[in-house]
Amino acid sequence: MRGWWREIAGLVLPVACGGCGRPRTVLCPECAGALTGAGPRRVRPAPEPAGLPAVHAVAPYADAVRELLLAHKERGALALAGPLGGALAAAVAAAAGPATGLASPPLLLVPVPSSRRSVRARGHDPTRRIALAAAARLRRAGRAARVVPVLRQRRYVADQAGLGARGRLANLSGALEVVPGGARLLGVGRVVLVDDLMTTGASLAEAARALGDVHLPFIPGLPQALTERSPERSAQHGFEQRRAAVIASSPASFEINRNSPGTWIVAGGER
């Protein structure tokens, strides 16, 4: 109900840019430019949690981008779902790689779930709303895509705010599961985990673990090229490389460029 009232209010009340506060516009050109940034690229937090998928993001979580995400999530600026979804769609496309032709499997966007109490407090589910906008943008671009919200919290999770990397990992360990019947939905396309933001990577790592319980298992450290260049071998051995996409990530995660044995190269230049 609260989300419905917010949408009506957005039609009749004065608006301001969610990023900088400029009046009479939901998103000014400057903040729109900050949101799209230099395009999607591979990002990694430091330290990197075990089991973290290959993550792509479009912009550092700072300044106008930070304000836009907070305006949508916490202040109910629901009109921002469209441009935020467009940014997420770009990250999804980069994470999933190019389509393989007319018979290319659909992209299955799996949102990292929010707790029920958070959804009630906010009056909407921001991640799912942005994911739906992203899927719509991908379809308009000719890419089959749909949102598959098969993850849910299986136990109480404390507020992540104020927790460090280790605290977040402990808080989320074993917290997610796939809903009954969800595994069947995951077998018809290419799965991409989606969220609005990555900080420590704990949420995405836990989501990947939960999917691995019912889907093709994820092998941490498996070179990405092995699964992308040898799909037959991947199917034979029963694994796939997990993919994830977010709108924003910490500025430092865009700067890391490590090349260690057994790990796919990360980096700010991967597009």
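The rules behind these values
- Residues numbered from 1 in each chain as written.
- Predicted model: local features only at pLDDT ≥ 70, side-chain atom pairs only at ≥ 80, totals over all residues.
- Heavy atoms only, no water.
- Buried < 20%, exposed > 50% of the residue type's maximum accessible area, 1.4 Å probe, protein only.
- Helix = DSSP H or I, 4+ residues; strand = E, 2+ residues; numbered from the N terminus.
- Pairing = 2+ DSSP bridges.
- Axes fitted to C-alpha atoms, helices over the stretch in contact; angles between N-to-C directions.
- Parallel < 35°, antiparallel > 145°, perpendicular 65-115°, else oblique.
- Contact = heavy atoms within 4.5 Å.
- Nonpolar A, V, L, I, M, F, W, Y, C, P; charged D, E, K, R; others polar.
- Core = buried A, V, L, I, M, F, W, Y, C linked by side-chain atoms within 4.5 Å.
- pLDDT = per-residue confidence, 0-100.
- Polar contact = N/O pair within 3.5 Å; in protein donor to acceptor, adjacent residues only side chain to side chain.
- Left-handed = near helix turned anticlockwise from the far one by under 90°.
- Salt bridge = Lys/Arg side-chain N within 4 Å of Asp/Glu carboxyl O.

### Comments concerning the pairing of strand β9 (residues 243-249)
Of all seven residues that make up β9, seven are buried, and the element is covered over most of its length. As paired strands, strand β2 (residues 54-57) and β9 are joined by three bridges and run parallel to one another. Bridging across to β9, Val55 finds its partner in Ala244. Across two bridges, strand β3 (residues 59-60) lies against β9 in parallel orientation. Looking at β9, one finds that Ala59 is bridged to Ala248. Where strand β8 (residues 190-198) and β9 come together, five bridges link them in parallel fashion. Considered in β9, the bridge of Leu197 is made with Ala248.

### Section: the packing of helix α2 (residues 29-36) against helix α3 (residues 63-73)
The N-to-C vectors of α2 and α3 enclose an angle of 95°; their axes lie 8 Å apart at closest approach. With respect to α3, the axis of α2 lies roughly perpendicular. From α2, Cys31, Ala34 and Leu35 reach across to α3, where they touch Ala64, Val65 and Leu68. Of the residues belonging to the contact of α2 with α3, the class tally is six nonpolar, no polar and no charged.

### With respect to the nonpolar core
Judged by nonpolar contacts, the single largest core of 37 residues is most densely connected at Leu88, Val92, Leu109, Val194, Ala245 and Ile247. Of the residues forming this core, the biggest block, eight residues, is contributed by helix α4 (residues 81-96). In this view, Leu88 contacts Ile130, Ala131, Ala134, Val194, Asp195, Ala245, Val246 and Ile247; residues no more than four positions away in its chain are not counted. Core analysis: the second largest hydrophobic core is formed by 24 residues, Val43, Leu151, Leu204 and Phe254 among them.

### With respect to the confidence of the model for the protein chain
Within the protein chain, residue pLDDT values average 79, and 71% of them lie at 70 or more. Here residues 217-239 scores under 50 on pLDDT; set against residues more than four positions off or in separate chains, the count is 38 contacts. Confidence over residues 257-271 falls short of pLDDT 50; this stretch has 39 contacts with residues more than four positions distant or in other chains.

### Let's talk about the environment of Arg243
Within the element layout of this structure, Arg243 appears in strand β9. A distance of 2.9 Å separates a polar side-chain atom of Arg243 from the backbone oxygen of Ala95.

### Thoughts on the packing of α4 against helix α6 (residues 126-140)
As a packed pair, α4 and α6 sit with axes 7 Å apart at the nearest point and diverge in direction by 65°. Judged by the angle between their axes, α4 and α6 are roughly perpendicular. Crossing angle aside, the handedness with which α4 passes α6 is right-handed. Here α4 contributes Ala81, Gly82, Leu84, Gly85, Gly86, Leu88, Ala89, Val92 and Ala93 to the contact with α6, which in turn contributes Arg129, Ile130, Ala131, Ala133, Ala134, Arg137 and Leu138. A per-class count over the contact of α4 with α6 returns eleven nonpolar, three polar and two charged.

### Here we look at the pattern of salt bridges
Summed over the entire model, instances satisfying the criterion amount to eight salt bridges. Residues Glu67 and Arg75 are paired through a salt bridge, measuring 3.5 Å at the closest nitrogen-oxygen approach. One network of salt bridges, in which partners are shared, links Arg66, Glu67 and Arg75.

### Comments concerning unusual backbone geometry
Negative phi values dominate among residues other than glycine, just as trans dominates among peptide bonds. Following Ala46, the chain continues into Pro47 via a peptide bond in cis, with omega recorded as 5°. With respect to the helices and strands, the residue Pro47 is situated in the loop between β1 (41-43) and β2. One non-glycine residue, Arg24, lies in positive phi territory at about 60°. Counting through the fold element by element, Arg24 comes out in the loop between α1 (2-12) and α2. Unusually for a residue other than glycine, Asp63 sits at a positive phi of about 50°. With respect to the helices, strands and loops of the structure, Asp63 is situated in helix α3.

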